[in-house]
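# Remarks on the overall topology
Listed below, chain by chain, are the residues.
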Amino acid sequence: MSLPEQHIQDLALEEVMGDRFGRYSKYIIQERALPDVRDGLKPVQRRILFAMNVEGNTSEKGFRKSAKTVGNVIGNYHPHGDSSVYEAMVRMSQDFKVRNSLIEMHGNNGSVDGDPPAAMRYTEARLSKIAAELLRDIEKETVDFIPNFDDTSSEPTVLPARFPNLLVNGSTGISAGYATDIPPHNLTEIIEAVIKRLDKPDCSLADIMKIVKGPDFPTGGIIQGIDGIRKAYETGKGRIIVRSKTEVEDLRGGRKQITIHEIPYEVNKANLVKRIDELRIEKRIEGISEVRDETDRTGLRIAVELKKDANSEGVLNYLFKNTDLQISYNFNMVAIHNKRPELMGIIAMLDAYISHQKEIITKRSEYDIKKAKARQHIIEGLIKALSILDEVIQLIRGSKDKRDAKLNLQQTYQFSERQAEAIVSLQLYRLTNTDIHDLNKEAAELAAQIDALEKILGDEGELVKTLKAELTEIKKNYKTPRLTAIENEIAEIVIDKEVLVASEDVIVSVTKEGYVKRTSYRSYTASKGDELAMKETDHAIFIEKMNTMDALLLFTSHGNFIYRPVHELPDIRWKNLGDHVSHIVTEMGSGEEVIQALPLSKANETQKLVFLTQAGMTKVSLIANYRPQRYSKAMMAIKLKADDKLLNVAVADGSEDIFIATRNGYGLRYPITEIPESGTRTAGVKAINLKETDEVVGGVLLQSEENRGIILTTQRGSMKKMKASEFEAISRAKRGLLMLRELKANPHRFIDIRLADKDDRLMVLTNKEQTVEIQVENLRTTDRYSNGSFILDETLEGTPIEVWTEIPEIKEEEGKGEEK
């Protein structure tokens, strides 16, 4: 069947979609998701309260099944799903969601753990006592009514709202293009703010904030950030921190327990407890032994039991930062004002409420005057009739019927129709002297009432006085203490590493080719002296016992450094190859290699690092400068020229001398105090005065009484051992003293310098990939002018290209006390 052509419209899709979505948006903004600034209610909430009031389901009467109320609301006012109506009804009854419950409910109405309420067929409800204040005087034509959805009855567009419900109970909702988050407040403070505004209409925000300290959440807690409150009250938008109320209790055996008594608004307690326990199970935080929810009828209580000697403050700070024990709350105070959504500050909301109340009192007064004058008219007629009672009785007895009697009274004694109706309906027992006295008394009372109401209508001051009296009465009847504490500043959360990491001694190893790992002491000792797992061409440059609370510094040939806490290094068994450094840091340069590994701990943070480059530059910098906040990539340790590279980095306390050796055989010694201290991104100063064809091969730090020998190796396979006393300290940036005897043919050139004890073993790698072991005690000590002793046969082993000191095995007793 085809439609007639006149019923078909040819419209653009954009136009149709825009029009329909505009209508839909207007509906859900005005009629669903956002509260009215006057009574603080969304349409569904208003309809629930009105329907319960109409049915007499009030606080002074018994409870009724929730399903009955929901059916009544759906059938008469709110043609939507029953679940949405019941959910709105339940929320108004939850004392952990609203500051003053508007509905009392018997049965399970949900919990702070996120448990759903029982089905509406099981629960019972009635209006709370304070909800009656929202509906009071609604029968006196104080608010506008509109037809309901099927025109069978009418419903109010707003409730009289005898207290500022929007600010007291807050609101939250999401509509099209708008959302609202208005926190609940203390009833006493808000009413006092309204009274302040009535007394002083030009009062400032600062005056209001002396009264309204901030939100007052039903779940209590602590608010931090008065600046956020001030901004929100001024503009409608602002951010605050809401923190749980906690205390640290002492248990037996020196242990402690963090007890949580109040949690932030709208935080799910069960999820919070689960999250804290997950952190304990996953070992994301050390120090927690057990988490218990001890909440009962006496109140909320969560117990976080700590291990012995655990840092309670550190654990608490970590929980504040990583769980909902502390949250941020964002004000977004949007409400319907003059039928439009509007972002409002607290003064605008107070003024809108005051304007609404003035209108309510005006309309109520007009209604009461009208009713009082109507009664006064009747009373005047009755008094007049009683004054001529015999004539009236005789006239009524002579009339044919009631209608005739009324007409006779009107014509004979000029009574009005309403007065005549009252006279003919008068019962005989009221024709007494007592009744005349009561009528005169009532007439006087009505005259006084009318006079008072006319004053309210005619004098703004009387109206304000009446409003203040009514608000004061409500404050007196429903006064409650503040639950949420206010702190001016947002506390900075500092998390000590001790609460995140188990203190444990481990073995950290680094190889020349850049393989890094940490190994448990158990795995290390189980290897029974096996060598570190690495490639055949590789060798260890660092094997030390460190604690997981410490950090490792890796320095590269490009003048960069890599920082890694020990607990973040890959945990790998001693017999397995470590992870390459490129896996733990981003942006490693081409040809960049690790040249030095150094430990960083609280014990050596006051010490200094001494740098030496191939081009003869040096600098001294505090080791504490190399503890960055972010360390995902390699960072600059020393600023190098394009053709320079970093050779050595050593830890010093400032009392040492530096001894530098050059390829052409020059040596220079001077105190490191001659090197000025600088930061991480500096180039340093000249260390030694080099000839154009010369370069630095390395340097060592010498103590005032150095017992180790200086070992120098040449490219021809010669190795010489000298005493440090051969060189006197002079000053920085000199040429130095020659340490090689000059040869015309194939002269010696240094490739390496190091300090060694007599028990050390040196390893020499040749260009023929041969590794030769040298015992230091077998080397003869020579003077400065010697070329040393040949340790390699050039024809067999080749020429040396790299020298290193073999790292001795860590003794078992050094690793005891794996956990502190």
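On a predicted model such as this, the values are computed, not experimentally measured, just so you know. (Residues numbered from 1 in each chain as written. Predicted model: local features only at pLDDT ≥ 70, side-chain atom pairs only at ≥ 80, totals over all residues. Heavy atoms only, no water.)

In this structure the tally under the stated criterion is three cavities of 30 Å³ or more. In this structure, the largest cavity spans a volume of roughly 60 Å³. Together, V37, R38, P164, N165, L166, L167, M349, L350 and Y353 line the largest cavity. Sorting the residues of the lining of the largest cavity by element identifies α6 (165–169) and α12 (346–387) as the ones contributing at least two each. Its residues placed into classes, the lining of the largest cavity shows seven nonpolar, one polar and one charged. The volume enclosed by the second largest cavity comes to roughly 50 Å³. For the lining of the second largest cavity, the secondary-structure elements that each account for two or more residues are β18 (505–511) and β19 (515–520). When residues of the lining of the second largest cavity are assigned to their parent elements, the largest contribution, three residues, is made by β19. In terms of residue class, the lining of the second largest cavity is made up of six nonpolar, three polar and one charged. (1 Å grid on protein atoms, 1.4 Å probe; cavity = no way out; pocket = protein on both sides within 12 Å on 5 of 7 lines; lining within 4 Å. Points joined across faces, edges and corners; volume = space filled by probe spheres on them. Helix = DSSP H or I, 4+ residues; strand = E, 2+ residues; numbered from the N terminus. Nonpolar A, V, L, I, M, F, W, Y, C, P; charged D, E, K, R; others polar.)

Next up on the list: the sheet that holds strand β38 (residues 771–775). Taken together, three strands build an open sheet; the order of strands is β38-β37-β40 and the sheet is antiparallel. Only two strands of the sheet have a single neighbouring strand rather than two, namely β38 and β40 (800–805). Strand-to-strand twist across the sheet, computed as the mean angle between neighbouring axes with direction ignored, equals 25°. Bridge analysis of strand β37 (residues 761–766) against β40 gives five bridges, and the strand direction is antiparallel. Bridging across to β40, L765 finds its partner in E802. (Pairing = 2+ DSSP bridges. Axes fitted to C-alpha atoms, helices over the stretch in contact; angles between N-to-C directions.)

It is worth spelling out the packing of aromatic side chains at this point. Counting across every chain of the model gives 17 aromatic pairs. Ring plane angle 65° and centroid distance 5.8 Å describe the contact between F50 and F145, whose orientation is recorded as edge-to-face. With F50 in helix α2 (residues 43–54) and F145 in strand β4 (residues 145–147), this pair connects stretches of sequence that are 95 residues apart. With relative accessibility at 7%, the residue F50 sits in the buried group. Centroid distance F555 to F561: 6.4 Å. Interplanar angle 35°. Geometry classified as tilted. Here F555 matches F561 in class, with each residue buried. Counting every residue linked through ring pairs, the aromatic cluster contains F217, Y233, Y265, Y329 and F331. Sitting over the ring of F415, K384 keeps its end group 4.8 Å from the ring centre. (Phe/Tyr/Trp six-rings, centres within 6.5 Å; stacked < 30°, edge-to-face > 60°. Buried < 20%, exposed > 50% of the residue type's maximum accessible area, 1.4 Å probe, protein only. Lys NZ or Arg CZ within 6 Å of the ring centre and 35° of its normal.)

Between two packed helices, what matters for the description is the angle formed by their axes and the separation of those axes. For the pair helix α3 (residues 66–76) and helix α4 (residues 82–91), interaxial distance at closest approach is 10 Å and the crossing angle is 120°. Of the possible angle classes, the one that applies to α3 and α4 is oblique. Read as a crossing pair, α3 and α4 show a hand that is right-handed. Along its contact with α3, which presents S66, T69, V70, V73 and I74, the element α4 presents D82, V85, Y86 and M89. Of the residues assigned to the contact of α3 with α4, the class counts are six nonpolar, two polar and one charged. (Parallel < 35°, antiparallel > 145°, perpendicular 65-115°, else oblique. Left-handed = near helix turned anticlockwise from the far one by under 90°. Contact = heavy atoms within 4.5 Å.)

Time to look at the pattern of salt bridges. Using the criterion set out here, one finds 50 salt bridges in the structure. A salt bridge links D19 to R23; its shortest N-O distance comes to 3.0 Å. One end of the pair is D19 and the other is R23, both in helix α1 (residues 13–33) and four residues apart, which spans about a single turn. One salt-bridge network, held together by shared partners, links E249, R255, E290, R292, E294, R301 and E305. (Salt bridge = Lys/Arg side-chain N within 4 Å of Asp/Glu carboxyl O.)

Another aspect to go through is the pairing of strand β24 (residues 594–600). Consecutive side chains of a regular strand alternate in pointing toward one face of the sheet and then the other. For β24, a buried count of six out of seven residues is recorded, marking the element as mostly surrounded by other parts of the structure. Where strand β21 (residues 551–556) and β24 come together, six bridges link them in antiparallel fashion. Bridge assignment links T556 to a residue of β24, and that residue is V594.

Below, the discussion takes up the domain arrangement of the protein. Once the domains are mapped, the protein shows domain 1 (27–161), domain 2 (245–324), domain 3 (359–483) and domain 4 (501–805). Taken over C-alpha atoms, the centre of domain 3 sits 108 Å from the centre of domain 4. (Domains from an automatic or database assignment.)

This part is about the nonpolar core. Counting 102 residues, the largest nonpolar core has I48, L49, M89, L102, Y233 and I288 as its most contacted members. In terms of residue count, α12 provides more of this core than any other element does, nine residues in total. In terms of nonpolar packing, the next biggest core, distinct from the first, is built from 18 residues, L598, F611, L646 and V649 among them. (Core = buried A, V, L, I, M, F, W, Y, C linked by side-chain atoms within 4.5 Å.)

In this section: the environment of T525. Inspection of the secondary structure assignment puts T525 in helix α18 (residues 521–526). Residue T525 is classed as partly exposed on the basis of its relative accessible area, which comes to 34%.

This paragraph deals with the sheet that holds strand β20 (residues 540–547). Spatially, four strands are ordered β20-β18-β19-β23 in an open sheet, and the strand pairing comes out antiparallel. Looking at which strands have only one partner, the edges of the open sheet turn out to be β20 and β23 (579–580). Taken together, the seven bridges between β18 and β20 define a ladder with antiparallel strand orientation. From the neighbouring strand, S509 faces β20, where its bridge partner is I543.

Below, the discussion takes up the environment of K97. Here K97 lies in the loop between α4 and β2 (103–106). K97 sits in the partly exposed class, given a relative accessible area of 21%. When the C-alpha atoms of K97 and T766 are compared, they prove to be 78 Å apart, with 669 residues separating the residues in sequence. Sequence-distant contacts of K97, that is, excluding residues within four places in its chain, are made with R91, P218, Y265 and E266.

With that out of the way, let us pick up the UniProt feature "site: Transition state stabilizer" (unreviewed entry) in the protein. The UniProt record annotates "site: Transition state stabilizer" (unreviewed entry) at R121. Structurally, R121 can be placed in the loop between β2 and β3 (124–127). On the basis of relative accessibility, which here comes to 53%, the residue R121 falls in the exposed class. Beyond its immediate sequence surroundings of up to four residues, R121 is in contact with K65 and A67. (UniProt positions renumbered as here; feature names shortened; annotations may be inferred.)

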